[in-house]
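Given next are the chains, with one letter for each unit.
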Amino acid sequence: MEALAAMERGSASPGDVAAAEWGARRLAEAGARDVRVERFRYQRTIAERSVPHLAAGIAAARAGGVAGAAVALASLVSFELDFGGRSQWLRRLVPAGEGANAVARVPAAGESSRTLVLVAHHDTAHTGIGWRNPELIGIGTGDRLRELTGREPEPDVMDSPATAPKLAFAAVAAGSLLRARALRAAGGASLAVALAMALDVARSPSVPGASDNATGVAAVLAMVERFAAEPLPGTDVIAVLTGCEESGMGGMAHWLRGDGGRLDPSSTLVLGLDTLGAGEPIVARAEGSIRPWRYRDEDLDIADRGAARAGIEPPRRVQLGGWTDPLLAVHAGLPTISLLSATGNRFTNYHQPTDTPDRVDWDSVAACLRCAYGTVEEWAAG
């Protein structure tokens with residue numbers, strides 16, 4: 001963790017590639033086989049794809065009418081699909097850098113009949129005014145609105161920075177169709193703020209990323225070392241240390257277009273490890289906002305039984321406001337669990353320069369790793 005946190009490793013940067021090469025060396029030292037580095041082209045931040053969407057929405061607000069409504073709705077749909085990784089058609093058209101994955105295999109004990117995929121991203125996010133002041137991008141807004149209205153807080157749902165832009169696109173469309181100039185103007189203004197925040201993220205430095213996600217990489221290395229020494233019966237283990245997760249899951253998408261796309265869903269489990277040093281263990285039950293993408297209950301049940309095996313409480317099921325790499329495995333139809341940690345409905349030091357090794361909750365890392373081992377043992381025994 002300390003070695004990774006000392007590296008500048010923003011998505012699709014030379015540091016992203018260097019982190020993948022470092023990860024490949026560590027995987028080989030841990031006893032993995034068929035170690036390789038996969039390079040690919042992708043964006044440095046999500047801003048490269050968000051800005052065109054937001055600019056189109058602002059233009060729609062200025063135009064109004066049926067044409068403005070159509071552009072706003074089209075931008076909303078495209079923005080939603082891009083955010084959730086379903087369709088990122090703009091990635092081929094906007095500027096990109098080079099990212100890299102480190103991939104390796106640990107053979108099964110005996111004949112292999114199934115595959116465990118361990119995933120952790122090694123790149124880090126860019127910070128920005130919005131991340132240093134989360135209320136500017138809607139983090140915490142839900143809690144304050146519920147306080148003002150007297151409603152009970154919705155349990156285990158994290159605020160999403162994508163909610164405000166989505167509502168703004170909808171306001172522009174509705175204002176355009178209804179000839180409600182004030183509503184259309186409000187939507188356009190909100191999109192302009194979101195565009196300014198995106199540009200600020202693009203120009204801001206990347207963070208140390210100790211909890212998010214040097215912890216996950218360290219956990220994958222520890223599990224690979226253990227399974228290399230004590231191979232799982234009948235189960236191949238594939239380790240995928242991904243780049244460009246923070247800018248939109250680019251490394252995971254690249255791997256799924258290759259080897260990952262050939263896996264059999266009936267004999268595969270994808271286990272993602274991300275942000276393990278931020279509180280109690282949690283699993284993602286859904287990711288996104290307004291219309292979240294959901295994980296299968298039968299997969300999350302494996303994590304519950306795995307925690308029981310490990311002698312700890314079942315991980316809390318949380319709807320994340322953003323994304324993790326395993327979400328793309330869900331889209332690909334693979335049984336998937338995304339294991340993280342949180343304090344309440346927040347990640348500590350999230351996307352901030354203070355995400356350093358001295359602020360990592362080591363008890364949290366240990367509990368998450370125990371849960372991960374228990375989950376693997378439960379699945380392998382099933």
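Look a little higher up for the structure.
Residues numbered from 1 in each chain as written. Predicted model: local features only at pLDDT ≥ 70, side-chain atom pairs only at ≥ 80, totals over all residues. Heavy atoms only, no water.

A.B. asks: Describe the overall build of the chain, with residues and values.
C.D. replies: Looking only at helices and strands, the chain has 13 helices and 9 strands in total. A globule of 382 residues ought to have a C-alpha radius of gyration of about 21 Å, and the chain, at 21 Å, matches this closely. Across its three principal directions, the C-alpha atoms of the chain cover 70 × 45 × 40 Å. Expressed as a percentage of the 382 residues in the chain, the buried residues total 59%. A sequence separation of at least 24 residues applies to 85% of the contacts in the chain between residues at least 6 apart. Counting every atom, the chain has about 15,500 Å² of accessible surface; 56% of that belongs to carbon and sulfur. (Helix = DSSP H or I, 4+ residues; strand = E, 2+ residues; numbered from the N terminus. Rg over C-alpha atoms; globule rule 2.2 N^0.38 Å. Buried < 20%, exposed > 50% of the residue type's maximum accessible area, 1.4 Å probe, protein only. Contact = heavy atoms within 4.5 Å. Areas by Shrake-Rupley, 256 points an atom, 1.4 Å probe, with all protein chains shown as cover.)

A.B. asks: Could you give an account of the pattern of salt bridges, with specific residues and numbers?
C.D. replies: Inspection of the entire model under this criterion finds 23 salt bridges. Between Asp259 and Arg262 there is a salt bridge whose closest N-O contact spans 2.4 Å. Residue Arg317 is joined to Asp297 by a salt bridge in which the shortest nitrogen-to-oxygen separation is 3.9 Å. One end of the pair, Arg317, is in strand S8 (residues 316–320); the other, Asp297, is in helix H11 (residues 297–310), with 20 residues separating them in the sequence. A relative accessible area of 49% means that Asp297 is categorised as partly exposed. Within the structure, one salt-bridge network assembled from shared partners comprises Arg36, Glu38, Asp259 and Arg262. (Salt bridge = Lys/Arg side-chain N within 4 Å of Asp/Glu carboxyl O.)

A.B. asks: How would you sum up the pairing of strand S2 (residues 97–106)? Please name residues and give values.
C.D. replies: In terms of burial, S2 is largely enclosed, as 8 of its 10 residues are buried. Here strand S1 (residues 33–42) runs beside S2; their pairing, made up of 8 bridges, is antiparallel. Counted as the bridge partner of Arg33 is Arg105 from S2. Strand direction decides the pairing type here: S2 and strand S4 (residues 233–242), joined by 5 bridges, are antiparallel. Paired with Arg105 across the bridge in S4 is Ile238. (Pairing = 2+ DSSP bridges.)

A.B. asks: Outline the packing of helix H9 (residues 210–229) against helix H13 (residues 362–381), supporting the account with residue identities and numerical values.
C.D. replies: Direction vectors running N to C along H9 and H13 enclose 45 degrees, while the axes themselves pass 11 Å from each other. In this view, H9 runs oblique relative to H13, as classed from their interaxial angle. The hand of the H9/H13 crossing is right-handed. Of H13, the residues touching H9 (which contributes Thr215, Ala219, Ala222, Met223, Arg226 and Phe227) are Val365, Leu369, Ala372, Tyr373, Val376 and Glu377. Of the residues contributing to the contact of H9 with H13, the split by class is 9 nonpolar, 1 polar and 2 charged. (Axes fitted to C-alpha atoms, helices over the stretch in contact; angles between N-to-C directions. Parallel < 35°, antiparallel > 145°, perpendicular 65-115°, else oblique. Left-handed = near helix turned anticlockwise from the far one by under 90°. Nonpolar A, V, L, I, M, F, W, Y, C, P; charged D, E, K, R; others polar.)

A.B. asks: Account for the side chain of Ser176, naming residues and giving values.
C.D. replies: Mapped onto the elements of the fold, Ser176 is located in helix H7 (residues 163–178). Classification of Ser176 as buried rests on a relative accessible area of 4%. Among the polar contacts made by the side chain of Ser176, one reaches the main-chain carbonyl oxygen of Val172 at a distance of 2.7 Å. Apart from the residues lying within four places of it in its own chain, the contact partners of Ser176 are Ala60, Gly64, Gly65, Gly68, Ala69 and Arg184. (Polar contact = N/O pair within 3.5 Å; in protein donor to acceptor, adjacent residues only side chain to side chain.)

A.B. asks: Could you give me a rundown of the nonpolar core, with the residues and numbers involved?
C.D. replies: Among the nonpolar cores identified, the biggest contains 95 residues, and Leu27, Leu116, Met223, Phe227, Trp255, Leu271 and Leu273 are the most heavily contacted of them. It is H9 that provides the largest number of residues to this core, a total of 9 residues. Setting aside residues no more than four positions away along its own chain, Trp255 makes contact with Glu38, Asn101, Val103, Val117, Ile238, Val240, Gly260, Gly261 and Leu263. (Core = buried A, V, L, I, M, F, W, Y, C linked by side-chain atoms within 4.5 Å.)

A.B. asks: I'd love a proper account of the side chain of Glu38, names of residues and values included.
C.D. replies: Mapped onto the elements of the fold, Glu38 is located in strand S1. Setting aside residues up to four positions removed in sequence, Glu38 forms contacts with Gly99, Ala100, Asn101, Val103, His254 and Trp255.

A.B. asks: Now, about the packing of helix H3 (residues 47–63) against helix H4 (residues 65–83): what can you tell me, with residues and values included?
C.D. replies: With their axes 8 Å apart at the nearest point, H3 and H4 run at an angle of 160 degrees to one another. The orientation of H3 relative to H4 falls into the category roughly antiparallel. The hand of the H3/H4 crossing is left-handed. Residues Arg49, Ser50, His53, Ala56, Gly57, Ala60 and Ala63 of H3 pack against Gly65, Gly68, Val71, Ala72, Ser75, Ser78, Phe79 and Asp82 of H4.

A.B. asks: Which residues make up the packing of aromatic side chains, and what values do they have?
C.D. replies: Per the stated rule, a full pass over the model turns up 6 aromatic pairs. When the ring of Phe79 is compared with that of Phe169, the centres are 5.7 Å apart and the planes differ by 55 degrees; the resulting orientation is tilted. Of this pair, Phe79 sits in helix H4 while Phe169 sits in helix H7; the two residues are 90 residues apart in sequence, bridging distant segments of the chain. Each member of the pair Phe79 and Phe169 is classed as buried. With centroids separated by 5.0 Å and ring planes inclined at 75 degrees, the aromatic side chains of Phe83 and Trp323 adopt a geometry described as edge-to-face. Here Phe83, found in helix H4, pairs with Trp323, found in the loop between S8 and helix H12 (326–331); they are 240 residues apart in sequence, far enough to count as distant. Using a relative accessible area of 14% as the deciding quantity, one classes Trp323 as buried. A network of ring pairs unites the aromatic residues Phe79, Phe83, Phe169 and Trp323 as a single cluster. (Phe/Tyr/Trp six-rings, centres within 6.5 Å; stacked < 30°, edge-to-face > 60°.)

A.B. asks: Give me the lowdown on the environment of Tyr295, citing residues and values where you can.
C.D. replies: Within the element layout of this structure, Tyr295 appears in the loop between strand S7 (293–294) and H11. Taking relative accessible area as the criterion, Tyr295 reaches 5% and is therefore assigned buried. Separated by 36 residues in sequence, Tyr295 and His331 place their C-alpha atoms 9.4 Å apart. Excluding anything up to four places from it in sequence, Tyr295 contacts Ala284, Arg285, Ala286, Glu287, Leu300, Thr324, Pro326, Leu327, Val330, Thr336 and Ser338. A polar contact of 2.5 Å, which involves the side chain of Tyr295, links it to the side chain of Glu287.

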